[in-house]
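Residue-level structure breakdown
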Amino acid sequence: MQLAELTQRSETVSGTYRFIGVDEQTLSELSAQINSITGDTTAQVGSALQGSAVDRSFSFLVPLIGLVAVSGLLQVLLLVQAFRSLQELGTHLILGWSAFDYCVSLFRSVLLSMLLVYPVSFLVTFFTMQGYGLATVATVALPPALVTVAITLATVVVASLVLLLVRPVTAIRNLVSKKIMIVMLAITYCASAAGVIGMSIFLDGPIREIDRLGSVSQQWQRVTDYQILYKQDAGDDSASFTSGGGKLMADYYAWYRTIAAEAGVSVVNTRYHHKEQLENWRELGVYQNIPNKPLWYFAASPSYLESVGLNLNQDLLSRADSGERVYLVPDSYSEADAAALKAWVAEDVIQLSQQDSVIQTEFTQNPRHSFESYQVAEPLFTWSADLEVESTTADPVILVVTPQNMSFFESESLSAIGLENSYIKLSSDAVAKYGSSEYLAKYNLDDNRPEFRPVSDFIAGLQKNIQEFLQLFAGVSAAVLLLEILALLTLTKLYAAVNRRSLAVKMLLGHSPLHSFRFTFAAVIAVNLLGVLIGLIAQSNVAVLVSAVMLVVQPAILTILVAQSHREQIAFAVKTV
């Protein structure tokens, strides 16, 4: 695009320029002239304005938690295997084996499984990154495979140290401290239990949001038939996107002005000015006059206001159509609150009228405003997707907005997209009629291909995002919960193995299995009771529920394990006798 055409289309000279057939000296002289006009340095002029931001959210945290949980589980299993193999190590040492050879033999299956890590990582990456070349897939699959191999090797090395550092006599006579093994597994069990409780407390937030979103969705049912601007292409208006040209905004305004009075066409945009914002205005001197209390501010067309039960008289409509900004003030405002509000609005009108814009309206050419008192028959929907604020309000301050009384703020925002940012709201019939390529072409918008979607699509998207997050985090929580149960199972097995002789003696003396494992039962019950207590203190329904379930499930699992251990002790006692 040549400079003359760019200026004609976008009404700006901002853009990315390429100079062809110019030598270095001429380019330096031209750059110096541009610098003197714009005040920018040569580096600033020569660098394209661009940027990006990546919000990984929980895409890093959740896999990290899962990786830690699985790694911990693998380490516990290998350590237990190492401890249980100490006596067998002693036998192999007598037969002339080295401790290293025995470790390799013991963990051979784990070491061989590492050969499959990269092929599996490659296949998973290949099926999740369809459309990419094999070289790209192979490169992307390599880091997770290396991490997996490194973690597996580390766990094998740690478990092998138990066997490599033990003295041969200790291994042969099986004199390894029982307390160390029991304490190690107890710590693992308590740590996994703490992880489950922590995740349960964290899950309360998303679950509450889903519950609240359900109630908010019911409120949104009243406006789900509206369609709002979802996306648009740059088309021939790329300068409007990249460098502040106003051509696209002017085209949208011209298009809306011709359809504003048609059936199915409305404008509504809402903003909530909270207490902190009002205080910031006061501290920063944004306004000399500040409202006394937080308020909802609606910019709404007469058609929208009539659809929600606010009937406007003809005199008010005529004044709005002539370019006068008419503000509706709730009759519930006290005199002092109404006075403070009107002073703020009057100051805001002055500021709006002083702003330059490519779009000229009757208001920008002759600024004026007025106030009318009104009474709301029923609370009005706030169009807010923020779950932290109310979905309806009984006392919004309303600007009756028309194409004629728009300031730059409204007229240049007609092209805004999204659930909360958009201004234009259309019925399906209006979209079909006024959003067609033929109609849009009259206002140079056919190349931008604006796409309108029902409000219901946006609400479904919000709910889907929260549910997907909940499913993802619940999956990680389940993995940690499995780690806790496996730690309990291993703890019981190891306790029975290292105390085999004493348990067999107690059994022969008539002690019941529950009596022999009374301390294990007490520890399990105490940990889960503590979880219930922590959940109550943190006011976490999920933590209380999970801990309560574990308070029943884990003792039941422990009872089964103890019964199995009891049968093993009988067999051992008979064999010993």
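Calculation notes
In every chain, residue numbers begin from 1 and rise along the written sequence. Given that the model is predicted, a residue must reach a pLDDT of at least 70 before its local features are reported, and side-chain atom pairs must reach 80 or more before they are shown or counted; all residues, however, enter totals for whole chains, interfaces and linings. Excluding hydrogens and water, the side-chain values take into account all heavy atoms of the structure. Each helix corresponds to a stretch of at least 4 residues labelled H or I by DSSP, and each strand to a stretch of at least 2 residues labelled E; elements are numbered beginning at the N terminus. Under the scheme applied here, a residue whose accessible area is under 20% of the maximum for its type counts as buried, over 50% as exposed, and between as partly exposed, the area being computed with a 1.4 Å probe on protein chains only. Here the nonpolar core consists of buried residues drawn from Ala, Val, Leu, Ile, Met, Phe, Trp, Tyr and Cys, with membership extended through side-chain atoms lying within 4.5 Å. In what follows, a contact means two residues having at least one pair of non-hydrogen atoms within 4.5 Å. Salt bridge, as used here: a side-chain nitrogen of Lys or Arg that lies within 4 Å of a carboxyl oxygen of Asp or Glu. Here, strands pair whenever DSSP counts at least two bridges between them. To estimate the expected span of a helix, count its residues, drop one, and scale the result by 1.5 Å. Picture the helix axis, draw a direction to every C-beta atom, and the arc is the one those directions span. The predictor attaches a confidence to each residue, called pLDDT, with possible values from 0 through 100. Grouping into patches uses exposed residues only, defined as over 30% relative accessible area, and leaves out salt-bridged ones; the cut-off is 9 Å for like charges and 5 Å for nonpolar side chains (Val, Leu, Ile, Met, Phe, Trp, Tyr). Here the Shrake-Rupley method, with its probe set to 1.4 Å, supplies the accessible areas, and only the displayed protein chains count as covering residues.

1. Looking at unusual backbone geometry
- Positioned with a positive phi, Trp-383 is a non-glycine residue whose angle comes to about 60°.
- Within the element layout of this structure, Trp-383 appears in the loop between strand E6 (380-381) and strand E7 (392-393).
- Classification of Trp-383 by relative accessible area gives buried; the value is 4%.
- Of note in this structure, Arg-449 is not a glycine but carries a positive phi near 45°.

2. Re the nonpolar core
- Judged by nonpolar contacts, the single largest core of 43 residues is most densely connected at Trp-255, Tyr-256, Leu-341, Leu-414, Ile-424 and Leu-426.
- Top element by residues in this core is helix H13 (residues 247-259). It accounts for six residues.
- Leu-426 has contacts with Asp-225, Tyr-226, Gln-227, Trp-255, Gly-264, Val-265, Val-431 and Phe-452, leaving out every residue within four places of it along the chain.
- Core analysis: the next-biggest nonpolar cluster, separate from the first, contains 29 residues, Leu-312, Ala-320, Val-376 and Leu-419 among them.

3. A short note on the pattern of salt bridges
- Following the criterion strictly, the structure yields nine salt bridges and no others.
- Across the pair Arg-319 and Glu-372 runs a salt bridge whose closest N-O atoms are separated by 2.6 Å. Taken together, the positions of Arg-319 in helix H16 (residues 314-321) and Glu-372 in strand E5 (residues 369-374) put the pair 53 residues apart, joining distant regions of the chain.
- When its relative accessible area of 27% is taken as the criterion, Glu-372 is described as partly exposed.
- Several salt bridges share partner residues, and in doing so they unite Asp-315, Arg-319, Glu-324 and Glu-372 into one network.

4. Here we look at the pairing of strand E8 (residues 397-400)
- Side chains Val-397 and Leu-399 of E8 all project onto a buried face; the interleaved residues Ile-398 and Val-400 project onto the opposite face, where all are buried too.
- Note that strand E3 (residues 295-300) and E8 share four bridges and pair parallel. Note on E8: the bridge partner recorded for Phe-298 is Ile-398.
- Examined bridge by bridge, strand E4 (residues 325-330) and E8 share three bridges and lie antiparallel to one another. Considered in E8, the bridge of Leu-328 is made with Ile-398.

5. Topic: helix H8 (residues 117-128)
- Here H8 is 12 residues long and its end C-alpha atoms lie 17 Å apart, about the 16 Å a rise of 1.5 Å per residue gives.
- Within H8, burial applies to Val-117, Ser-121 and Thr-125. All buried residues of H8 lie within an arc of 55° about the axis, which places them on one face of the element.

6. Observations regarding the confidence of the model for the protein chain
- Considering every residue of the protein chain, the mean pLDDT works out to 79; 73% of them sit at 70 or more.
- For residues 4-11, every residue scores under 50 in pLDDT, and the model assigns this stretch 17 contacts once sequence neighbours within four places are set aside.

7. Some details on a nonpolar patch on the surface
- On the surface, a nonpolar cluster with roughly 560 Å² of combined accessible area is contributed by Phe-100, Val-104, Val-157, Leu-161, Leu-164 and Leu-165.
- Contributing elements (two or more residues each) for the nonpolar patch: helix H6 (99-106) and helix H9 (134-164).
- Per-element accounting of the nonpolar patch gives the leading share, three residues, to H9.
- Relative to the elements of secondary structure, Leu-164 occurs in helix H9.
- Of the residues examined, Leu-164 reaches a relative accessible area of 39% and is grouped as partly exposed.

8. Considering the environment of Ala-338
- Secondary-structure assignment places Ala-338 in helix H17 (residues 335-353).
- It is 9.7 Å that separates the C-alpha atoms of Ala-338 and Ser-373, two residues lying 35 residues apart in sequence.

9. Notes on helix H5 (residues 86-94)
- Turning to H5, its buried residues number three or more, namely Leu-86, Leu-89, Gly-90 and His-92. What you see down the axis of H5 is that its buried residues fit within an arc of 165°, all on one side.
- Backbone geometry just after H5 places Gly-96 at a positive phi near 100°.

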